[in-house]
Amino acid sequence: MTVDALLEVRDVSVRYGKVEAVHRVSLAAGEGRIVTVIGPNGAGKTTLLAAIMGLLPSHGDIRYRGESLMTLSVEERVARGLVLVPEKRELFASMTVADNLELGAFARRRDGDAATRRTLDEVYHRFPRLLERRAQLAGTLSGGERQMLALGRALMGRPKLLMLDEPSLGLAPLVVREIFSIIVGLRQAGVSILLVEQNARAALQVSDEGFVLETGDLVLSGPSAELAANPRVAATYLGQGAQ
Ligand SMILES: Nc1ncnc2c1ncn2[C@@H]1O[C@H](COP(=O)(O)OP(=O)(O)OP(=O)(O)O)[C@@H](O)[C@H]1O
Ligand SMILES: [Mg+2]
């Protein structure tokens, strides 16, 4: 494990009652990197993100910039720069695009940060479609636009570590490409990203390192290009026959 990792997950287990959904998983995410966790339905990907965010109790240790998060609340983790875009996006359907974005900066404004207007301009610059649709109700957006709004709202909180749970879910291939190119753009802007995906092909293409989770266990890890070339990954996740 690298010493300069932004996030270190060490031997983390998460249980739902008697069922262990994540079993002694260790992974590290470096600063300015895109790290992906791939794996099939039910592998424990969402559970792992929830544990990192503090939404679920876990065992083991989760460290951020060398500090253990284990005793910190969700709010304290948010204050340190961790932001999660959940699988369900959790937008406010009956509120406008602009109001949803404003809510993303709620914690910053509460803490007296007056620079949220500039962040809003940056988000609109990154997502011109959201600017066009700023008065539209979130519930009437297309799937791709909803995903952009969820990303934009997360960026309003100025995340240092952005965790994305299946950002490509339910989107057409062209839109998937657009979302992934936005994610690469975020890395260029200095945001570190932990990306959870079933779309292994797209995730391994944009990420630096990858981890493969199967039924709660980490079964493979390595540089994304190496994982994509691994015959087992290719056969199971990329829809190619083993070579
Ligand atoms: N609230 C819960 N109570 C009990 N079991 C749960 C709960 N949430 C998830 N699980 C179980 O934990 C395991 C891991 O689920 P999780 O949602 O983390 O998987 P995932 O990798 O995100 O899957 P998907 O790709 O379908 O989103 C599954 O077997 C699931 O049924
Ligand atoms: Mg999930």
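See the structure shown above.
An account of the accompanying structure is given in this report.

## Some thoughts on the overall build of the chain
Regarding its fold elements, the chain presents 11 helices and 10 strands. Here the C-alpha atoms of the chain give a radius of gyration of 18 Å, agreeing with the 18 Å that 2.2 N^0.38 yields for 243 residues. By principal-axis analysis of the C-alpha atoms, the chain measures approximately 50 × 40 × 35 Å. Counting only residues that meet the buried cut, the chain has 48% of its 243 residues in that class. Accessible surface for the chain amounts to roughly 11,500 Å². Of this, 53% is attributable to carbon and sulfur atoms.

## Description of the sheet that holds strand E2 (residues 19-30)
Across the sheet, 4 strands lie side by side as E2-E1-E4-E5; this open sheet has antiparallel pairing. The sheet terminates laterally at E2 and strand E5 (67-68), the two strands that pair on one side only. In the sheet, strand E1 (residues 5-16) pairs with strand E4 (residues 59-64) via 5 bridges, with the strands oriented antiparallel. Across the sheet, Leu7 pairs through a bridge with Tyr64, a residue of E4. Strands in contact with helix H1 (residues 45-53) are E1, E2 and E4; relative to E1, the strand with the most contacts, it is inclined by about 115°.

## With respect to the site of ligand 1
Neighbouring ligand 1 are 13 residues; Asn41, Lys45, Thr46, Thr47 and Glu87 lie closest to it. Note that a nitrogen atom of ligand 1 is positioned 3.4 Å from one of the side-chain N or O atoms of Tyr16. At 2.6 Å from an oxygen atom of ligand 1 is found a side-chain nitrogen or oxygen belonging to Glu87. Within the complex, the protein chains bury 59% of what would otherwise be the 630 Å² of accessible surface of ligand 1. When grouped by side-chain class, the residues that make up the shell around ligand 1 number 4 nonpolar, 6 polar and 3 charged.

## Comments concerning the pairing of E2
Sheet topology note: the E1/E2 ladder contains 8 bridges and is antiparallel. Residue pairing across strands places Val14 opposite Val22, the latter belonging to E2. Where E1 hands over to E2, the hairpin turn is made up of 2 residues, of which Gly17 adopts a positive phi near 60°.

## With respect to the coordination of the magnesium ion (ligand 2)
A four-donor tetrahedral metal ideally has 109.5 degree angles, and a six-donor octahedral metal ideally has angles of 90 or 180 degrees. Note on the magnesium ion (ligand 2): its protein donors are Thr46 (OG1) and Glu87 (OE). The metal-donor distances range over 1.9 to 2.7 Å. Of this pair, Thr46 sits in helix H1 while Glu87 is found in the loop between strand E6 (82-85) and helix H3 (97-104), placing the two residues 41 residues apart along the sequence. Residue Thr46 is classed as partly exposed on the basis of its relative accessible area, which comes to 34%. The partly exposed category is assigned to Glu87, whose relative accessible area is 28%.

## Some words on the packing of H3 against helix H7 (residues 143-156)
Packing of H3 against H7 brings their axes to within 6 Å, and their N-to-C directions diverge by 35°. Where H3 crosses over H7, the two elements pack in a sense that is right-handed. Residues Val97, Asn100, Leu101 and Gly104 of H3 form the contact with H7, whose participating residues are Leu149, Gly152, Arg153 and Met156. Split into classes, the residues belonging to the contact of H3 with H7 amount to 4 nonpolar, 3 polar and 1 charged.

Definitions and cut-offs
- Residues numbered from 1 in each chain as written.
- Chains lettered and ligands numbered in written order.
- Predicted model: local features only at pLDDT ≥ 70, side-chain atom pairs only at ≥ 80, totals over all residues.
- Heavy atoms only, no water.
- Helix = DSSP H or I, 4+ residues; strand = E, 2+ residues; numbered from the N terminus.
- Rg over C-alpha atoms; globule rule 2.2 N^0.38 Å.
- Buried < 20%, exposed > 50% of the residue type's maximum accessible area, 1.4 Å probe, protein only.
- Areas by Shrake-Rupley, 256 points an atom, 1.4 Å probe, with all protein chains shown as cover.
- Pairing = 2+ DSSP bridges.
- Contact = heavy atoms within 4.5 Å.
- Axes fitted to C-alpha atoms, helices over the stretch in contact; angles between N-to-C directions.
- Near = heavy atom within 4 Å.
- Polar contact = N/O pair within 3.5 Å; in protein donor to acceptor, adjacent residues only side chain to side chain.
- Nonpolar A, V, L, I, M, F, W, Y, C, P; charged D, E, K, R; others polar.
- Donors = N, O, S within 2.8 Å, 3.2 Å for Na, K, Ca; no water.
- Left-handed = near helix turned anticlockwise from the far one by under 90°.

From the geometry alone we can't say anything about function, so treat these as descriptive.
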